[in-house]
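The residues making up each chain are set out below.
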Amino acid sequence: MNIGKLKLKNNIFSAPMAGVTDLPFRLLAKEFGAGLVFSEMISVKGIIYNNSNTKELLEIDENEHPIGVQLFGHEPDEFAEAIKITAHLPIDLYDVNFGCPAPKIVKNGDGSALMNNPDLIGKIVYAMRAATDKPISAKIRLGFDKDNINAVEAAKIIEGNGADMVTVHGRTRCMYYSGNADWNMIRKVKKSVNIPVTGNGDVVDPISAKKMLDETGCDGVMIGRAAQGYPWIFGSVSHYLKTREILPEPKMTERVALALRHFEMLINLKGEFTAVREMRRHMQCYIKGVKGSAKIRTEIVHAETFEDMKRILMDIYNRSDFTQSSFDL
């Protein structure tokens with residue numbers, strides 16, 4: 001699959017997720033087979049005003065290419081300026097967020113609030129296209145709510161103003177992440193434009209990934225929440241699409257070992273205090289389905305140090321009752 005001049009090894013992508021897809025997460029996603037990874041969404045104003053937190057979000061490692069940096073905001077000129085400021089960075093693709101449903105984002109007129117203003121969507125993409133020759137993609141939702149489904153219109157505008165790909169999350173803003181993604185609307189978007197279309201929403205395993213590709217005709221699939229604590233999904237999906245073979249699930253010992261490595265990567269990047277607090281959400285995903293997980297989650301929430309978290313994981317690792325049926329993905 002190609003996005004503009006960017007050539008990818010496969011069409012299985014790691015979705016941008018706020019508070020999740022930081023550098024360690026992206027490196028693991030890439031290691032386990034993601035064809036393209038995305039940063040957390042980054043404020044164009046934060047880039048322009050040289051915000052210290054924004055600098056951290058823009059850290060890129062040579063081992064995570066190709067990488068897309070996702071921007072959010074609502075002023076076309078600021079997108080252009082942010083791209084020019086970051087032109088020296090090894091960014092492979094710029095993505096623009098027209099889909100985030102978070103209230104604080106929508107309140108500011110950013111993210112999925114822009115689905116209510118297709119003309120402004122066009123102006124933003126046009127400004128980005130004028131500022132760079134790197135590939136540009138955009139992530140949209142079906143619309144703001146069920147009475148305003150306009151993904152096809154938005155996709156056409158995005159293509160018409162120079163973007164190289166559009167990703168469609170098959171829910172409206174008002175659905176947040178509830179209910180079922182509407183793959184039929186993703187199919188309609190695919191039929192309406194000539195640029196690649198990536199489908200997002202309810203892809204949780206190799207079979208659902210294949211089903212989305214078949215039912216929508218989309219060019220790629222983007223995996224979000226299903227990859228948290230389970231980066232194996234990228235390789236599993238890629239392997240299944242090539243061979244129709246389901247790979248065996250990783251053993252719990254492998255999951256515990258990877259959780260510890262993920263934790264150590266976070267500490268090296270952000271220090272132990274921050275890493276412990278950020279790892280709490282990841283750790284709950286790594287242990288999903290473990291017997292007695294409710295008690296373990298409570299312990300994780302109260303962990304204050306690397307040693308606290310390591311002890312919890314090693315207790316899991318050393319439990320004699322662990323078998324493949326001890327967890328359910």
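Given the structure is predicted, the values throughout are model-derived calculations rather than measurements. (Residues numbered from 1 in each chain as written. Predicted model: local features only at pLDDT ≥ 70, side-chain atom pairs only at ≥ 80, totals over all residues. Heavy atoms only, no water.)

*Asks:* I'm lost on the environment of Gly73 in this one. Help?
*Replies:* Mapped onto the secondary structure, Gly73 falls in the loop between β6 (67-72) and α4 (76-85). Sequence spacing of Gly73 and Ile105 is 32 residues, and the spatial spacing of their C-alpha atoms is 8.7 Å. (Helix = DSSP H or I, 4+ residues; strand = E, 2+ residues; numbered from the N terminus.)

*Asks:* In this structure, what is going on with helix α14 (residues 306-318)? I would like to understand it.
*Replies:* One full turn of an α-helix is made of 3.6 residues, so residues set three or four places apart face in the same direction. For α14, which comprises 13 residues, the first-to-last C-alpha distance of 18 Å matches the rise-based estimate of 18 Å (1.5 Å per residue) to within 8%. For α14, the complete set of buried residues consists of Phe306, Met309, Ile312, Leu313 and Ile316. Seen end-on, α14 carries its buried residues on one side only, within an arc spanning 135°. Turned more than 90 degrees away from the buried face of α14, the exposed residues are Glu307 and Asn318. Of the surrounding elements, those touching the buried residues of α14 are α11 (252-270), α12 (272-286) and α13 (293-302). (Expected span 1.5 Å × (residues − 1). Buried < 20%, exposed > 50% of the residue type's maximum accessible area, 1.4 Å probe, protein only. Arc of directions from axis to C-beta. Contact = heavy atoms within 4.5 Å.)

*Asks:* Hey, could you run me through the packing of α12 against α13 in this one?
*Replies:* In a pair of packed helices, the angle between the axes and the distance between the axes together describe the arrangement. Taken N-terminus to C-terminus, the directions of α12 and α13 make an angle of 165°; their axes are 9 Å apart at the nearest point. Taken together, the axis directions place α12 and α13 in an arrangement best described as roughly antiparallel. When you trace α12 past α13, the crossing you get is right-handed. On α13, the residues that touch Arg280, Met283 and Gln284 of α12 are Arg297, Ile300 and Val301. By residue class, the composition of the contact of α12 with α13 is three nonpolar, one polar and two charged. (Axes fitted to C-alpha atoms, helices over the stretch in contact; angles between N-to-C directions. Parallel < 35°, antiparallel > 145°, perpendicular 65-115°, else oblique. Left-handed = near helix turned anticlockwise from the far one by under 90°. Nonpolar A, V, L, I, M, F, W, Y, C, P; charged D, E, K, R; others polar.)

*Asks:* Looking at this structure, I do not really get the packing of aromatic side chains. What am I missing?
*Replies:* We describe a pair of aromatic rings using the distance from one ring centre to the other and the angle between the two ring planes. For the structure shown, the criterion picks out three aromatic pairs. Where Tyr230 meets Trp232, the ring centres are 5.7 Å apart and the plane angle is 45°; that geometry is what we call tilted. An identical accessibility class is assigned to Tyr230 and Trp232; each is buried. Taking 5.1 Å as the distance between ring centres and 50° as the angle between the ring planes, the aromatic pair formed by Phe263 and Phe306 counts as tilted. Of this pair, Phe263 sits in helix α11 while Phe306 sits in helix α14, placing them 43 residues apart in sequence. With respect to burial, Phe263 and Phe306 carry one shared label: buried. Cluster of aromatic residues (ring-pair linked, three or more members): Phe32, Tyr230 and Trp232. (Phe/Tyr/Trp six-rings, centres within 6.5 Å; stacked < 30°, edge-to-face > 60°.)

*Asks:* So what exactly am I meant to see when it comes to the pairing of strand β8 (residues 136-141) here?
*Replies:* Walk down a regular strand and you will see the side chains alternate between the two sheet faces. Where burial is concerned, most of β8 is hidden: six out of the six residues are buried. On β8, burial covers both faces: Ile136, Ala138 and Ile140 on one face and Ser137, Lys139 and Arg141 on the other are all buried. Bridging between strand β7 (residues 93-98) and β8 involves five bridges; their strand directions are parallel. Bridge pairing links Asp95 to Ser137 in β8. Sheet analysis places β8 next to strand β9 (residues 165-169), joined by five bridges and oriented parallel. Bridging from a neighbouring strand, Ile140 pairs with Val168 of β9. Between the parallel elements β8 and β9, the chain passes through helix α7 (residues 151-160) in a crossover that is right-handed. (Pairing = 2+ DSSP bridges. Right-handed = clockwise from strand over helix to strand, strands pointing away.)

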